[in-house]
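Geometric and topological summary
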Amino acid sequence: MARPAILTVDDDAPVSAAIARDLRARYGADHRILRAGSGAEALDLVARLLLKGQPLALVAADQRMPGLTGIEVLARVRADVPDAKLLLLTAYADTDVAIAAINDIGLDHYLLKPWDPPDENLYPVIDDLLADWHNAHPDHTNDVRVVGDRWSEGSHTVKTFLANNHVPYVWLDVERDAEGARLRDLAGAPPEDLPLVLVPDGETLRAPTTVAIASALGLRTRAERDLYDLCIVGGGPAGLAAAVCAASEGLSTVVVEHEAPGGQAGQSAAIENYLGFPRGLSGADLAQRAIAQARRFGAEMVLARDVVALESRGPVRAVRLEGIEVVQGRDPVHDGGGARGAGGSEGAVGSAPGSGTDAFTDAFTDIEARSVVLATGVAYRRLEAVGLDALVGRGVHYGASAGQAAACAGEEVYVVGAANSAGQAVLNLARFARRVTLVVRGTSLEASMSQYLVERIRADERIRVLCGTEVVAAGGDGHLERLTLADRALGTTTEVDAAWLFVFIGAAPRTDWLGTEVARDGHGFVVTGHDLVSGPYAGGWTLSRPPFALETSLPGVFAAGDVRSDSMKRVASAVGEGSMSVYFVHRYLATI
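Residues numbered from 1 in each chain as written. Predicted model: local features only at pLDDT ≥ 70, side-chain atom pairs only at ≥ 80, totals over all residues. Heavy atoms only, no water.

1. Here we look at the side chain of Glu 551
Following the sequence through the fold, Glu 551 ends up in the loop between strand 28 (508–509) and strand 29 (557–559). In terms of polar contacts, Glu 551 uses its side chain to reach the backbone amide nitrogen of Phe 548, at 2.9 Å. With residues near it in sequence (within four places) discarded, Glu 551 still touches Val 527, Thr 528, Gly 529, Leu 532, Trp 541, Arg 545, Gly 556, Val 557, Phe 558 and Tyr 588. (Helix = DSSP H or I, 4+ residues; strand = E, 2+ residues; numbered from the N terminus. Polar contact = N/O pair within 3.5 Å; in protein donor to acceptor, adjacent residues only side chain to side chain. Contact = heavy atoms within 4.5 Å.)

See below:
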């Protein structure tokens, strides 16, 4: 990829020279720094870049210029280069105009002049904007390649895992892409070997598990220490917040996440009501920032491992991870296996006669810690509809990552749900799909969705809302092709064409693996704090001291975020609870 351009626009020549100098000093090695002395000159430069097929990463424009104002210039740039980052340089008197531009033209940031010293006032802003741009425009020369069938559940799982872990990849459909078919034939891969995952300078992975992919990419799948101060189960907003706070305060901390950090929130295309981000941010961006913070303070992350049990061993709590089968004498990654986990014992489980291979299993992997925070969040509840289960991963999906929207280009898409997650997904999908239909069981959106999302959905001509409606059946030859919708008031059904269905209903806590020592309510959510000594769950607490807030019925084990009974299901509240849990972890550790 050619060096992306950064364009500055200012009619004041000394100011224009100063900002170009500062930008060149920091970003000149990897970016072209261009200057324009007027709005008209800037738009001419943008047109020339587009005609040459050269990327434009960022435009920084002064607001008060003769002719075209900064906002007018940036609005034109947004129309011509929708993915360029827009920065407005403005005086304090113009801040109201700048804030309005966030909504009006999608302004990414505004910066008050003067920006001296640039190390404090200019570079942190530009760093963030350019990091976002580069994340959205990776250099594909060294990417992982995924070769598979568009309607394969395995292909969907692999692509989701890579996307959620921020691993750039190139998708090659064996039915649509000649290169995909060529690579499949070169590998001699029958259908059961798909998808293939081709790692640069690595082995070809055939229908691999997520653990195998993580191992091949160098992602950590096992813990490094024998004992931690804190083990956090779940890497969503609550878990990541707890990791940042705990590690920054000197606690040895490990996070165990079964797929990728970020949780459900990490798949959101836009979180617009999170404090401190007036233009909003994507769930992936929030997760990346939190991961970087946690790692900077020394927190470890163990990925692609499922937790299967929690055990009490005197003053220590043990989190047991699902084992990984390892075959000696063959490449376990090539065969879809993975690396052994830390601390687990190996025991022979048999070998194929005459095969020259020995099969071993790392039966369980234990992570021991003096305290535990449960931050496993929730999963979307299964939709009961005839024929639906057979099409999961083949056009039917629970949840949707931001990147899935492009795969729906030009097609009919249906979304089931009425909460904020469904609203955010609908708006993102509508950017690509021919039409998006939101199917709502209730009589209105307003009862369960934030008003700002309702207003944007109602205003988008590509979105249709069907209230009082349910999906009752699905069908298709190998993938989703049609849905049957039922009108709850009239009692009638209608069959419609559909290529994609995304489901965002209910909240099922991931607590099946917890034993009887951890009290849960009738829906499986973890009971904590005061609720253990009063009300319907009284009697679950056995110590003489009262339980700390967020502490479960097993002392030293805390719950934070959506998995906790009677919690507020919002990103900001999950972050707050995750941070707060560390305060109580400190208090608990002082008692043992």
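2. Remarks on the side chain of Arg 78
With respect to the helices and strands, Arg 78 occurs in helix 3 (residues 70–80). Setting aside its immediate chain neighbours within four residues, Arg 78 contacts Asp 83, Ala 84, Leu 86, Ile 105, Gly 106, Asp 108 and Arg 279.

3. Let's talk about the pattern of salt bridges
Opposite charge on two side chains makes pairing possible when the charged atoms of those side chains draw close. In this structure the tally under the stated criterion is 33 salt bridges. With a shortest N-O distance of 3.8 Å, Arg 320 and Glu 311 are connected by a salt bridge. Of the residues examined, Glu 311 reaches a relative accessible area of 26% and is grouped as partly exposed. Measuring nitrogen to oxygen at the nearest pair gives 2.8 Å for the salt bridge that ties Asp 366 to Arg 313. Highlighted residues: Asp 366 in strand 17 (residues 358–369) and Arg 313 in strand 14 (residues 307–313), separated in sequence by 53 residues. By relative accessible area, which is 23% here, Asp 366 ends up partly exposed. Under the relative-accessibility criterion, Arg 313 is labelled partly exposed at 29%. Among the charged side chains, a salt-bridge network with shared partners connects Glu 311, Arg 313, Arg 320, Asp 366 and Glu 368. (Salt bridge = Lys/Arg side-chain N within 4 Å of Asp/Glu carboxyl O. Buried < 20%, exposed > 50% of the residue type's maximum accessible area, 1.4 Å probe, protein only.)

4. Looking at the sheet that holds strand 21 (residues 412–416)
The sheet built from 5 strands is open, its strands ordered 20-27-21-22-23 with parallel pairing. Each edge of the sheet is formed by a strand with only one pairing partner; in this case those strands are strand 20 (396–398) and strand 23 (463–467). Strand after strand, the sheet turns through a mean of 20° between neighbouring axes, direction not considered. As paired elements, strand 22 (residues 435–440) and strand 23 share 5 bridges and run parallel to each other. If you follow Val 436 over to strand 23, its bridge partner there is Ile 463. (Pairing = 2+ DSSP bridges. Axes fitted to C-alpha atoms, helices over the stretch in contact; angles between N-to-C directions.)

5. Notes on the packing of aromatic side chains
In the structure shown here, the tally under the stated rule is 8 aromatic pairs. Ring plane angle 0° and centroid distance 6.1 Å describe the contact between Trp 500 and Phe 502, whose orientation is recorded as stacked. By the burial criterion, Trp 500 is buried, and Phe 502 matches it. Among the aromatic side chains, those forming a connected cluster through ring pairs are Trp 151, Trp 500 and Phe 502. The side chain of Lys 159 reaches across the aromatic face of Trp 171, ending 4.0 Å from its centre. Seen from the ring of Phe 297, Arg 296 lies directly overhead, with NZ or CZ sitting 4.6 Å from the centre. (Phe/Tyr/Trp six-rings, centres within 6.5 Å; stacked < 30°, edge-to-face > 60°. Lys NZ or Arg CZ within 6 Å of the ring centre and 35° of its normal.)

6. Looking at the pairing of strand 13 (residues 300–303)
Alternating residues of strand 13 divide into Glu 300 and Val 302 and Met 301 and Leu 303, and every residue in both groups is buried. As defined by bridge partners, strand 12 (residues 253–257) adjoins strand 13 across 4 bridges and the pair is classed as parallel. Directly across from Val 255, in strand 13, lies its bridge partner Met 301. As a crossover connection, the stretch from strand 12 through helix 11 (residues 283–296) into strand 13 is right-handed. (Right-handed = clockwise from strand over helix to strand, strands pointing away.)

7. Overview of the nonpolar core
Among the nonpolar cores identified, the biggest contains 48 residues, and Leu 383, Val 413, Val 415, Leu 438, Leu 483, Leu 501 and Phe 502 are the most heavily contacted of them. Counting residues per element, the ones that place at least two in this core are strand 20, strand 21, helix 12 (420–429), strand 22, helix 13 (451–459), strand 24 (469–475), strand 25 (482–487) and strand 27 (500–503). The contact partners of Val 413, leaving out residues within four places of it in the chain, are Cys 408, Leu 429, Ala 433, Arg 435, Val 436, Thr 437, Trp 500 and Phe 502. Core analysis: the second largest hydrophobic core is formed by 30 residues, Ala 243, Ala 246, Ile 291 and Ala 299 among them. (Core = buried A, V, L, I, M, F, W, Y, C linked by side-chain atoms within 4.5 Å.)

8. Quick word on the environment of Val 518
When you line up the elements, Val 518 lands in the loop between strand 28 and strand 29. The class for Val 518 is buried, based on a relative accessible area of 3%. Taking the C-alpha atoms as reference points, Val 518 and Pro 195, separated by 323 residues in sequence, lie 39 Å from one another. Beyond its immediate chain neighbours, meaning those up to four positions away, Val 518 contacts Leu 310, Leu 374, Val 526, Thr 552, Ser 553 and Leu 554.

9. What about the pairing of strand 11 (residues 230–233)?
Burial of strand 11 is two-sided: the residues Leu 230 and Ile 232 facing one way and the residues Cys 231 and Val 233 facing the other way are all buried. The sheet contact formed by strand 11 and strand 12 spans 4 bridges and is parallel. Across the sheet, the residue bridging to Ile 232 is Val 255, located in strand 12. With respect to chirality, the unit in which strand 11 leads through helix 10 (residues 237–248) into the neighbouring parallel strand 12 is right-handed.

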